[in-house]
Amino acid sequence: MSGSTKAMAYVTCAVLVLITAYTVALGSSGWLWFGWIVLGIATIGMAAADSADSTAVPRRPRAGGPGSAPR
């Protein structure tokens, strides 16, 4: 997991704690929970994209690339 994905996961967890504290102290707000769900989905998407990048199979260099000799 890259640094930016970890940071977003930490922010998502911190926002969850803050929204829960707000809900306990002042009452529930549907928009806050909706916003947290959107943030959570974005975090999951970042983590999925990050893991897809790390599992990608490297491609072979094309013939005629910078490392090939002229014919």
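Figured I'd write up the structure that's included with this text.

Rules used in this analysis
- Residues numbered from 1 in each chain as written.
- Predicted model: local features only at pLDDT ≥ 70, side-chain atom pairs only at ≥ 80, totals over all residues.
- Heavy atoms only, no water.
- Helix = DSSP H or I, 4+ residues; strand = E, 2+ residues; numbered from the N terminus.
- Polar contact = N/O pair within 3.5 Å; in protein donor to acceptor, adjacent residues only side chain to side chain.
- Contact = heavy atoms within 4.5 Å.
- Phe/Tyr/Trp six-rings, centres within 6.5 Å; stacked < 30°, edge-to-face > 60°.
- Patch = residues over 30% accessible without salt bridge, like charges linked within 9 Å, V, L, I, M, F, W, Y side chains within 5 Å.
- Areas by Shrake-Rupley, 256 points an atom, 1.4 Å probe, with all protein chains shown as cover.
- Salt bridge = Lys/Arg side-chain N within 4 Å of Asp/Glu carboxyl O.
- Buried < 20%, exposed > 50% of the residue type's maximum accessible area, 1.4 Å probe, protein only.

1. With respect to the side chain of Thr-43
Then, number 1: Looking at the secondary structure, you find Thr-43 in helix 2 (residues 30-54).
Then, number 2: Within the structure, Thr-43 has its side chain in polar contact with the backbone oxygen of Leu-39 (distance 2.9 Å).
Then, number 3: If we skip the residues at most four places from it in the chain, Thr-43 touches Met-8, Ala-9 and Thr-12.

2. A look at the packing of aromatic side chains
Then, number 1: Per the counting criterion, the structure on display carries one aromatic pair.
Then, number 2: Centroid distance Trp-31 to Phe-34: 5.9 Å. Interplanar angle 90°. Geometry classified as edge-to-face. Within this pair, Trp-31 and its partner Phe-34 are both found in helix 2, separated by three residues, close to a single helical turn.

3. Brief notes about a nonpolar patch on the surface
Then, number 1: Taken together, the side chains of Tyr-22, Leu-26 and Leu-32 present a nonpolar region at the surface, about 290 Å² in accessible area.
Then, number 2: Tracing the backbone shows Leu-26 in helix 1 (residues 3-26).
Then, number 3: Accessibility expressed as a relative area gives 64% for Leu-26, which makes it exposed.

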